[in-house]
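Working through the structure, step by step
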Amino acid sequence: MNEAVPKAAEVLAVAAATATPCPPIRDLFADGDLDAAYEVQRLHTERRLAAGHRLVGRKIGLTSPAVQRQLGVDQPDFGALFSDMALDHDGTVPAGRLLQPKVEAELALILGADLPGPDCSVADVRAATAFLAPALEIVDSRIAGWDITIVDTVADNASSGMFVLGDIRETLDDVEPVDVEMRLHRGTELVSEGTGRDCLGDPLTAAAWLATTLAHRGEPLRAGDVVLTGALGPMVPASPGDVFTARISGLGDVTISFEGESA
């Protein structure tokens with residue numbers, strides 16, 4: 001193992017434990033060393049599992065071409081979802097739980113069958129998907145000021161924070177992911193909007209990429225996993241007292257509140 005991997009993992013763990021964002025960790029690695037960054041993420045996952053947390057799925061990040069250009073990459077990334085990251089629809093993010101939260105609306109897949117790969121197609125994803133649900137991902141960064149490159153965000157579990165699924169479940173017979181339209185409101189203000197095409201051209205394409213990538217790493221997606229397929233529109237900073245509601249056509253609403261009074 002690269003000796004910088006446990007050092008970077010410790011820096012990020014201390015930032016999370018103390019609620020004190022840390023400087024970027026990219027300088028610990030050679031430029032663009034994604035393999036090392038994923039090793040940091042894997043170590044984080046192993047430690048969480050050893051502590052008794054349960055892996056419930058994966059998230060896909062960097063599905064927007066604009067964000068990929070900003071970070072100088074040409075592919076998405078992924079992170080792990082744990083059971084303690086899940087919130088109920090219309091639930092509340094506890095004050096102090098996250099460091100620098102931002103909200104983005106997504107389409108979630110709930111798998112009904114394994115996706116063992118190693119070359120998963122969109123047809124494979126269709127066959128394995130039991131249900132679709134509207135979702136909000138509350139992304140977070142342990143890196144101060146969101147001063148991140150691809151190496152920083154991958155090591156930091158793809159800037160994962162928490163997530164919430166709406167109560168409505170539909171099948172691919174009823175909703176076509178590429179055609180969905182999303183509108184995200186903070187209170188009554190429209191703050192983000194987009195379509196299924198804004199997620200790597202099609203959320204199912206993003207899921208097929210994830211399934212193939214994980215299968216090659218020996219960590220295939222399994223029945224029951226939740227897959228957050230990536231943002232359908234720009235992410236929006238969240239403050240105490242904020243209430244966010246996303247409406248995704250064909251799937252209804254999903255809402256989350258942030259504890260505390262807004263300024």
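Everything quoted here is computed from the prediction, not taken from an experiment. (Residues numbered from 1 in each chain as written. Predicted model: local features only at pLDDT ≥ 70, side-chain atom pairs only at ≥ 80, totals over all residues. Heavy atoms only, no water.)

1. Structural notes on the sheet that holds strand β4 (residues 91-93)
Strands sit in the order β4-β13-β12-β8-β9 across an open sheet of five strands; the sheet is mixed. The open sheet has two edge strands with one neighbour each: β4 and β9 (189-195). For this sheet, the mean inter-axis angle between neighbouring strands, taken without regard to orientation, is 20°. (Pairing = 2+ DSSP bridges. Helix = DSSP H or I, 4+ residues; strand = E, 2+ residues; numbered from the N terminus. Axes fitted to C-alpha atoms, helices over the stretch in contact; angles between N-to-C directions.)

2. Describing the packing of aromatic side chains
All chains considered together, the criterion is met by three aromatic pairs. Summarising the aromatic geometry, the rings of Phe78 and Trp209 are spaced 6.4 Å apart at their centres and angled 55° between planes, so their arrangement reads as tilted. A residue pair is termed long-range when its members are at least 10 positions apart, and Phe78 in strand β2 (residues 77-82) and Trp209 in helix α6 (residues 203-216) qualify at 131 residues. Owing to a relative accessible area of 2%, Phe78 belongs among the buried residues under this scheme. Ring centres of Phe244 and Phe258 lie 6.0 Å apart, and the angle between their planes is 75°; on these two criteria the pair is classed as edge-to-face. (Phe/Tyr/Trp six-rings, centres within 6.5 Å; stacked < 30°, edge-to-face > 60°. Buried < 20%, exposed > 50% of the residue type's maximum accessible area, 1.4 Å probe, protein only.)

3. Section: the nonpolar core
Counting 70 residues, the largest nonpolar core has Phe29, Leu136, Ile138, Phe244 and Ile256 as the members making the most contacts within it. For this core, the element with the highest residue contribution is α6, accounting for eight residues. One finds Ala80, Ala133, Ala135 and Leu165 within the second-largest nonpolar core, a separate group that totals 13 residues. (Core = buried A, V, L, I, M, F, W, Y, C linked by side-chain atoms within 4.5 Å.)

4. A closer look at the side chain of Ser159
With respect to the helices and strands, Ser159 occurs in the loop between α5 (150-155) and β7 (162-165). Judged by relative accessible area, which is 4%, Ser159 ranks as buried. Polar contacts involving the side chain of Ser159 include one to the side chain of Thr153, which spans 2.7 Å. The contacts of Ser159, once residues within four sequence positions are left out, are Lys59, Val139, Asp140, Arg142, Trp146, Ile148 and Thr153. (Polar contact = N/O pair within 3.5 Å; in protein donor to acceptor, adjacent residues only side chain to side chain. Contact = heavy atoms within 4.5 Å.)

5. Looking at the pairing of strand β8 (residues 181-186)
For β8 and β9, the ladder comprises six bridges, and the chain directions are antiparallel. Looking at the pairing, Glu181 lines up with Thr195 of β9.

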